[in-house]
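Coordinate inspection notes
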Amino acid sequence: MPDTLLQPETDTRTEHFDVLIVGAGISGVGGAYHLTTQRPATRFVVLESQAGFGGTWRTHKYPGIRSDSDLYTFGYRFKPWVGPPIAAAEEILRYMGEVIEENGLAPHIRYNHLIHSAAWDGTTKLWTLIATNTATGERRRFTTNFLWMCQGYYRHAEGYTPGWPGMAEYKGRIVHPQTWPEDLDYTGQRVLVIGSGATAATVVPAMAGKAAHVTMLQRSPTWFRIGRNGIDIADQLRELKVDETWVHEIVRRKILFEQAKFTARSFSEPDRVAEELLREVKRIVGPDYDVGTHFTPRYRPWHQRLAYVPDGDLFQAVADGKASVVTDEIERFTEKGVLTKSGQELEADIIVTATGFHLNVLGDIAFTIDGKPLDFHETVTYRGMMFTGLPNLVWVFGYFRASWTLRADLVADFVCRLLAEMEERGARQVEVALRPEDHNMPLLPWIDPANFNPGYLMRGMHLLPKRGDKPEWQHNQDYWSEKDQFPAIDLKDAAFVYSR
């Protein structure tokens, strides 16, 4: 435990709030908005470890950083998005800043507050959180009736980089997109990007115009959707001077309708969907390009996250000769670059490891329940947001096959309803528990690997809660069913246990 946590009790200031939100990213800012509008009398605070709001969009600085899903659905339902559907980080931060300013949320947010521990006391029915103000070094204590975890699901401080043999021999510079160095000048440099996901697909075209050449080295290809960074109906409605609130809602519904159809087709007719996706790739890279090797994944569409490539810029960089793709595995690093298992040496001045991230469970905060350390893996999830044995706590974990914020908004409505139910009952505590009819239910991993299996989840599955085989005891990843199910959740169901 850090020395800062061992200071005398008299050195610690304590504040109490009805609700404490962890994180001022897209979920936390949204949660703050919903509290102010749905439960305006609630006294709440948002604790953020960074020096400002934004989460991912603040911490990630790599070239070209942008959303990989559209802002009409990644944006909040209550705040119209007026720019291109795929947006850069600075545009998303500007949008979030407007939400904070327009709704008076700034006084509720405490930046530079790194939370170390969260302890539940069943006697007082309170959470106690210990944090350090990293700007001043001051130790702070917060107590709260209800804890709303909006910290995201991966560790911002470091990305995931496999330990390849020979990395110490390499004479160039190795960087991870998640901790992009401000002083990195890649002008005229040979760049090797390891990875094939959304980050690599963003970094490669962004660097290609300035670097001497960019090579994307992938173990296997990823599915991408290609389209222009614009929406026809949005442009037409704006030409007709339709109010932006209407434009936002109409376009949002259109996108969600089309996404639902596409997602369903990826399961019902995966071969046909794959053919359609590859047709767009071939249209850009040309008929002679080896699409079978470099852009045809081994899995069906949507078995892993499928990112949108605006205007096909990744494939255009390849077609223009500014970037190239090598599909192979790494044997080892060399002084000059990377040696692949096929025997090819890829020389590079800079190597970018776009290889994913570390799963972050409950913000890497040390949780205790009545003095006992929490074993999160031994809990069972209720709809991917509450957990057995964890009182007065909700965690926002968004969608993989739809925009994260869609679920953040649904969870926010649920939290506000739950708080109202507790108030009406005079309850100081609520937790979920298996009902008598649930006790013989098989307990399974958090996500079915046959349904969705990205590397970061597979590496961290042992850290995540269990799920059951009933809809209410799992995170089903289906916005199109949950948008109707969440408002209908019966808070008087026996799965919810209230106490005074």
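Residues numbered from 1 in each chain as written. Predicted model: local features only at pLDDT ≥ 70, side-chain atom pairs only at ≥ 80, totals over all residues. Heavy atoms only, no water.

Things to note about the overall build of the protein chain
- Tallying secondary structure elements over the protein chain gives 13 helices and 25 strands in all.
- Per-residue burial over the protein chain gives 54% buried out of 500 residues.
- Here the contacts in the protein chain between residues at least 6 apart in sequence split such that 71% fall between residues at least 24 apart.
- Summed over its atoms, the accessible surface of the protein chain is roughly 21,500 Å², and 50% of this surface lies on carbon and sulfur atoms.
- The averaged location of the 64 negative side-chain charges in the protein chain is 2 Å from the averaged location of its 55 positive side-chain charges. (Helix = DSSP H or I, 4+ residues; strand = E, 2+ residues; numbered from the N terminus. Buried < 20%, exposed > 50% of the residue type's maximum accessible area, 1.4 Å probe, protein only. Contact = heavy atoms within 4.5 Å. Areas by Shrake-Rupley, 256 points an atom, 1.4 Å probe, with all protein chains shown as cover. Lys, Arg positive; Asp, Glu negative; His and termini not counted. Charge placed at Lys NZ, Arg CZ, Asp CG, Glu CD.)

Considerations on the confidence of the model for the protein chain
- Taken over all residues, the pLDDT of the protein chain has a mean of 92, while the share at 70 or more is 96%.
- Considering only residues more than four positions removed or in separate chains, one finds that residues 1–10, a stretch of pLDDT under 50, has 10 contacts. (pLDDT = per-residue confidence, 0-100.)

Thoughts on the layout of surface pockets
- Empty space within the second largest pocket amounts to approximately 880 Å³.
- Together, 32 residues line the second largest pocket, and Arg 225, Ile 226, Glu 258, Gln 259 and Tyr 308 are the ones closest to its centre.
- For the lining of the second largest pocket, the secondary-structure elements that each account for two or more residues are β11 (224–227), α7 (244–268) and α8 (270–285).
- Of the residues forming the lining of the second largest pocket, the biggest block, 7 residues, is contributed by α7.
- The residue inventory of the lining of the second largest pocket, partitioned by class, reads 13 nonpolar, 6 polar and 13 charged. (1 Å grid on protein atoms, 1.4 Å probe; cavity = no way out; pocket = protein on both sides within 12 Å on 5 of 7 lines; lining within 4 Å. Points joined across faces, edges and corners; volume = space filled by probe spheres on them. Nonpolar A, V, L, I, M, F, W, Y, C, P; charged D, E, K, R; others polar.)

Looking at the side chain of Arg 407
- With respect to the element layout, Arg 407 can be found in helix α11 (residues 404–425).
- Of the polar contacts made by the side chain of Arg 407, one reaches the side chain of His 475; its length is 3.2 Å. (Polar contact = N/O pair within 3.5 Å; in protein donor to acceptor, adjacent residues only side chain to side chain.)

Describing the packing of aromatic side chains
- Scanning the model with the defined rule gives 26 aromatic pairs in all.
- Considering the side-chain rings of Tyr 76 and Tyr 95, the 6.0 Å spacing of their centres and the 15 degrees angle between planes classify their relative orientation as stacked. Residue Tyr 76 is found in the loop between α3 (71–74) and α4 (89–102), and its partner Tyr 95 is found in helix α4; the two are separated by 19 residues along the sequence. The burial state of Tyr 76 is the same as that of Tyr 95; both residues are buried.
- A centroid spacing of 5.5 Å and a plane angle of 80 degrees characterise the contact between Tyr 382 and Trp 473, whose relative ring orientation is edge-to-face. Here Tyr 382 is found in strand β21 (residues 381–382), whereas its partner Trp 473 is found in the loop between α12 (455–460) and α13 (479–485), with 91 residues between them in sequence. Residues Tyr 382 and Trp 473 agree in their burial class; the two are buried.
- The rings of Phe 376, Phe 387, Trp 395, Phe 397, Trp 404 and Trp 446 are connected pair by pair, giving a single aromatic cluster.
- Over the ring of Phe 17 we find Arg 43, and its NZ or CZ is 4.5 Å from the ring centre.
- Lying over the aromatic face of Tyr 186, Lys 210 brings its terminal NZ or CZ to 5.1 Å of the ring centre. (Phe/Tyr/Trp six-rings, centres within 6.5 Å; stacked < 30°, edge-to-face > 60°. Lys NZ or Arg CZ within 6 Å of the ring centre and 35° of its normal.)

Concerning the packing of helix α6 (residues 232–239) against α7
- It is the contact of α6 with α7, at a shortest axis distance of 10 Å, that shows an interaxial angle of 160 degrees. Considering their axes alone, α6 and α7 lie roughly antiparallel with respect to each other. Along this stretch, α6 crosses α7, giving a crossing that reads as right-handed. Across the interface between the two elements, Ile 233, Ala 234, Leu 237 and Arg 238 from α6 touch Glu 244, Val 247, Ile 250, Val 251 and Lys 254 from α7.
- Of the residues that constitute the contact of α6 with α7, the class distribution is 6 nonpolar, no polar and 3 charged. (Axes fitted to C-alpha atoms, helices over the stretch in contact; angles between N-to-C directions. Parallel < 35°, antiparallel > 145°, perpendicular 65-115°, else oblique. Left-handed = near helix turned anticlockwise from the far one by under 90°.)

Concerning unusual backbone geometry
- Backbone geometry at Asp 370 places phi at a positive 50 degrees, although glycine is not the residue there.
- Its place among the elements puts Asp 370 in the loop between β19 (366–369) and β20 (372–373).
- Positive phi, normally seen in glycine, also occurs at Asn 392, with a value near 50 degrees.
- As for its position among the elements, Asn 392 is in the loop between β22 (386–387) and β23 (393–395).

Here we look at the pattern of salt bridges
- Summed over the entire model, instances satisfying the criterion amount to 30 salt bridges.
- Here Asp 183 makes a salt bridge to Arg 173, at a shortest N to O gap of 2.9 Å. A residue pair is termed long-range when its members are at least 10 positions apart, and Asp 183 in the loop between β8 (173–175) and β9 (190–194) and Arg 173 in strand β8 qualify at 10 residues.
- A relative accessible area of 57% means that Asp 183 is categorised as exposed. (Salt bridge = Lys/Arg side-chain N within 4 Å of Asp/Glu carboxyl O.)

A closer look at the state of the cysteines
- Following the criterion strictly, the structure yields 0 disulfides and no others.
- Here Cys 150 is not cross-linked by a disulfide; its sulfur's nearest cysteine counterpart is in Cys 416, at 11 Å.
- The class of Cys 416 is buried, set by a relative accessible area of 4%. (Disulfide = S-S within 2.5 Å.)

Examining the sheet that holds strand β10 (residues 213–218)
- Ordered in space as β8-β17-β9-β10-β13, the 5 strands form an open sheet in which the pairing is parallel. Edge strands, defined here as strands with exactly one partner in the open sheet, are β8 and β13 (323–327). Pairwise comparison of adjacent strand axes, ignoring direction, gives a mean angle of 20 degrees for this sheet.
- The strands touched by helix α5 (residues 198–208) are β9, β10, β13 and β17 (350–353); relative to β10, the strand with the most contacts, the crossing angle is about 165 degrees. (Pairing = 2+ DSSP bridges.)

Quick word on the environment of Pro 445
- Relative to the helices and strands, Pro 445 resides in the loop between β24 (429–432) and α12.
- Note: C-alpha distance between Pro 445 and Met 461 (16 residues apart in sequence) is 7.0 Å.
- Apart from the residues within four sequence positions on either side, Pro 445 is in contact with Met 461, Pro 465 and Arg 467.

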